[in-house]
Amino acid sequence: MKHMIKATLIAVGMGSVWSPSLLAQTRPTQRPAAANPPMVAACSLMSKEEVKRHLPWRPQLDQFDAEEEQLGSYGSACEYPSVRVQVMPFVQATIDSARKKSGIETVGGVGDEAYLYNNANRYAELYVKVGARLLTLQANVSGSIDEVRPGLVAMAKVLVATLR
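Residues numbered from 1 in each chain as written. Predicted model: local features only at pLDDT ≥ 70, side-chain atom pairs only at ≥ 80, totals over all residues. Heavy atoms only, no water.

**Here we look at the state of the cysteines**
What is meant by a disulfide is a covalent connection between two cysteines, made through their sulfur atoms. Spelled out, the test is: Note that a disulfide, as used here, is simply two cysteine sulfur atoms within 2.5 Å. Runs of E in the DSSP output that reach at least two residues are strands. Runs of H or I that reach at least four are helices, and both are numbered from the N terminus. Burial classes: relative accessible area under 20% of the type maximum marks a residue as buried, over 50% as exposed, and values in between as partly exposed (1.4 Å probe, protein chains only).
On inspection of all chains with the given rule, the structure shows one disulfide. Here Cys43 connects covalently by a disulfide to Cys78, the sulfurs 1.9 Å from one another. Disulfide Cys43-Cys78: torsion about the S-S bond near 95 degrees, hence right-handed. Pair noted here: Cys43 is in the loop between α1 (2-26) and α2 (48-54) and Cys78 is in strand β2 (residues 75-79), with a separation of 35 residues, a long-range link. Taking the relative accessible area as the measure of exposure, Cys43 reaches 22% and is therefore partly exposed.

**Quick notes on helix α4 (residues 149-163)**
Selection criterion: Multiplying one less than the number of residues by 1.5 Å gives the expected span of a helix. The contact definition used throughout considers only heavy atoms, calling two residues in contact when any of these lie within 4.5 Å.
Here α4 spans 21 Å end to end across 15 residues, near enough to the 21 Å set by a 1.5 Å rise per residue. The set of residues buried in α4 consists of Gly151, Leu152, Val153, Met155, Ala156, Leu159, Val160 and Leu163. Against the buried residues of α4 lie α2, β3 (83-89), β5 (113-119), β6 (123-130) and β7 (133-140).

**Brief notes about the pairing of β6**
Under the convention used in this document: By definition, two strands form a pair when at least two bridges between them are found by DSSP.
Most of β6 is tucked away, with seven of its eight residues classed as buried. Alignment of β5 against β6, held across seven bridges, turns out to be antiparallel. Bridge pairing in β6 places Asn119 opposite Tyr123. With antiparallel pairing between neighbouring strands as the criterion, β5 and β6 make up a hairpin whose turn holds three residues, including Ala120 at a positive phi of roughly 50 degrees. Pairing of β6 with β7, which is carried by eight bridges, proceeds in the antiparallel orientation. Counted as the bridge partner of Lys129 is Leu134 from β7. Counting the residues between successive antiparallel strands, the hairpin from β6 to β7 contains two residues, one of them, Gly131, with a positive phi of roughly 60 degrees.

**Considerations on the pairing of strand β1 (residues 67-71)**
With five bridges connecting them, β1 and β2 associate as antiparallel partners. When the sheet's bridge partners are listed, Glu67 is paired in β2 with Glu79. Once β1 ends, the chain turns through three residues before running back antiparallel as β2, passing Gly72 with a positive phi of about 65 degrees.

**Re the pattern of salt bridges**
Definition in use: The salt bridge definition used is simple: a Lys or Arg side-chain nitrogen within 4 Å of an Asp or Glu carboxyl oxygen.
A complete count under the given rule lists nine salt bridges for this structure. The closest approach of N and O atoms between Lys129 and Asp112, which form a salt bridge, is 3.8 Å. Placement of Lys129 in strand β6 and of Asp112 in the loop between β4 (104-106) and β5 is noted, with a sequence separation of 17 residues between them. Taking relative accessible area as the criterion, Lys129 reaches 19% and is therefore assigned buried. Accessibility expressed as a relative area gives 41% for Asp112, which makes it partly exposed. Connected through salt bridges with shared partners, the residues Glu69, Glu79 and Arg84 form a single ionic network.

What follows is the structure, given as structure tokens:
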């Protein structure tokens, strides 16, 4: 019985010595920080006045500043009265997921690839691959997506040129 207890204690002791290194070997590796493009402050890409030229809002909302928000460790978002702009590292799964949505259409001439999603004419979301980054624009719709499509695409083209 004494030998069994000693053997158990030795096994537990060895487990506590070996477990951390074994766990470290079996943990999935994370993408190294160097693989991600440098974070871009989304609000720095376009002035509030320029955004308003592309996607106007009511004058009463002019009093509100654009609001910057960090998205995880590598991305950021900027909230304007009529549109939310997000810039983050490109992940193929995001585009793949977007392309599965009903109401999605391919948009040519914007970034490396771009897709416009119509969420039941409540908001339009434009996904744009720009090199190692994903740019998304989520615009308010008050009627038909056709009302915001030209401004959304034009704004995306300006942002893509800035990000390149």
